[in-house]
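Summary of the model geometry
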Amino acid sequence: MIKIKNLFLVTDNKISFSKFLINSCILIGIICTILYFSFKEIGLTLDFTFLIPLKKRIIDGFFMTFYISLGSFFLSFIIGIVTVFFQKTNIIILRYISYIYIKFIRGTPLIMQIYLFFYIIGTAWGIENRLFAGILILSIFEGAYISEILRGSLDSIDESQIEIAKSIGYTKYQTFRFLIFPQLLTRTVPALTGQLASIVKDSSLLSIIAIIELTQTMREISATNFKLFECYLALGLLYLAFTLPLSYISEKLERKFKYES
């Protein structure tokens with residue numbers, strides 16, 4: 001029975017991956033078809049060959065975006081945990097700080113926050129390293145969203161479960177380890193994976209403070225070669241190379257944890 005169950009699980013995974021590839025190809029095919037007829041209608045011919053000699057710069061920008069996104073994700077996760085702790089504490093001032101932080105960050109656009117934190121607050125505090133400042137700004141922005149993911153998952157746990165754990169003699173550590181943590185894991189990991197895809201896309205706005213990530217790299221190339229359409233189409237495909245696998249992983253984790261629960 002175990003072998004049969006494993007066989008079905010593997011088969012289901014293969015089908016899921018094949019479905020992901022098919023859906024991705026369909027999506028890219030539809031976009032390319034629309035663009036083809038649109039460019040044909042306006043008489044525009046595309047030429048991507050000029051990008052080949054510049055592949056090193058593009059790869060460097062690609063990995064810079066990867067490093068920024070990964071660093072921002074881990075830092076924003078820490079900020080999210082701290083914010084949730086502030087929300088749940090009995091200290092009123094900390095609860096107000098978390099409330100103001102979340103409302104301000106979620107209520108204002110990222111581009112405004114980049115200008116505010118880098119050119120005003122960053123200048124006032126002597127933060128000159130653009131990469132460090134960019135990761136910090138992006139982490140502060142994403143931390144507000146991650147904190148809401150964590151808070152929502154925590155609030156969804158029935159308090160009666162905690163009372164039952166106390167009644168059977170569980171310590172706070174055992175309650176967290178065996179009761180709260182497994183449920184938080186199943187409810188937050190898929191959403192956090194999806195949030196990582198959002199961080200990748202939001203990192204493109206850091207180009208406005210001249211961080212040489214993928215978007216800024218393609219902007220510089222387009223300014224030099226005057227190939228605006230080719231550069232930004234290539235940019236879109238490179239971001240899809242980031243976000244589509246993350247979307248697949250997020251959906252797969254969501255199905256897995258839903259099945260296990």
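Refer to the preceding data block for the structure.
Described below are features of the structure shown in this document. Computed from a predicted model, the values in this text were never measured in an experiment.

Thoughts on the state of the cysteines
For the coordinates displayed, the defined rule picks out zero disulfides. Among the cysteines around cysteine 32, which has no disulfide bond, cysteine 25 carries the closest sulfur, lying 10 Å off.

Re the environment of lysine 256
Structurally, lysine 256 can be placed in helix H9 (residues 228-260). The exposure class of lysine 256 is partly exposed, given its relative accessible area of 42%. It is 8.8 Å that separates the C-alpha atoms of lysine 256 and threonine 186, two residues lying 70 residues apart in sequence.

Here's the deal with the pattern of salt bridges
Scanning the model with the defined rule gives six salt bridges in all. Residues arginine 57 and glutamate 220 are paired through a salt bridge, measuring 3.1 Å at the closest nitrogen-oxygen approach. Remark: glutamate 220 occurs in helix H8 (residues 214-225) and arginine 57 occurs in helix H2 (residues 55-88); sequence separation between them is 163 residues. Residue arginine 57 is classed as partly exposed on the basis of its relative accessible area, which comes to 36%. Here aspartate 155 makes a salt bridge to lysine 88, at a shortest N to O gap of 2.4 Å. Here aspartate 155 is found in helix H5 (residues 130-155), whereas its partner lysine 88 is found in helix H2, with 67 residues between them in sequence. Aspartate 155 sits in the partly exposed class, given a relative accessible area of 39%. One continuous salt-bridge network, built from bridges that share partners, spans Lys88, Arg106, Glu148, Arg151 and Asp155.

Quick look at the packing of helix H4 (residues 110-124) against H5
Remark: H4 packs on H5, axes separated minimally by 10 Å, with the N-to-C direction vectors making an angle of 135°. In this view, H4 runs oblique relative to H5, as classed from their interaxial angle. Crossing of H4 over H5 shows right-handed handedness. Between H4 and H5, the residues in contact are Leu110, Gln113, Ile114, Phe117, Phe118 and Tyr119 and Arg130, Ala133, Ile137, Leu138, Ile140 and Phe141, respectively. A breakdown of the residues in the contact of H4 with H5 according to their chemical character gives ten nonpolar, one polar and one charged.

The rules we used
Residues numbered from 1 in each chain as written. Predicted model: local features only at pLDDT ≥ 70, side-chain atom pairs only at ≥ 80, totals over all residues. Heavy atoms only, no water. Disulfide = S-S within 2.5 Å. Helix = DSSP H or I, 4+ residues; strand = E, 2+ residues; numbered from the N terminus. Buried < 20%, exposed > 50% of the residue type's maximum accessible area, 1.4 Å probe, protein only. Salt bridge = Lys/Arg side-chain N within 4 Å of Asp/Glu carboxyl O. Axes fitted to C-alpha atoms, helices over the stretch in contact; angles between N-to-C directions. Parallel < 35°, antiparallel > 145°, perpendicular 65-115°, else oblique. Left-handed = near helix turned anticlockwise from the far one by under 90°. Contact = heavy atoms within 4.5 Å. Nonpolar A, V, L, I, M, F, W, Y, C, P; charged D, E, K, R; others polar.

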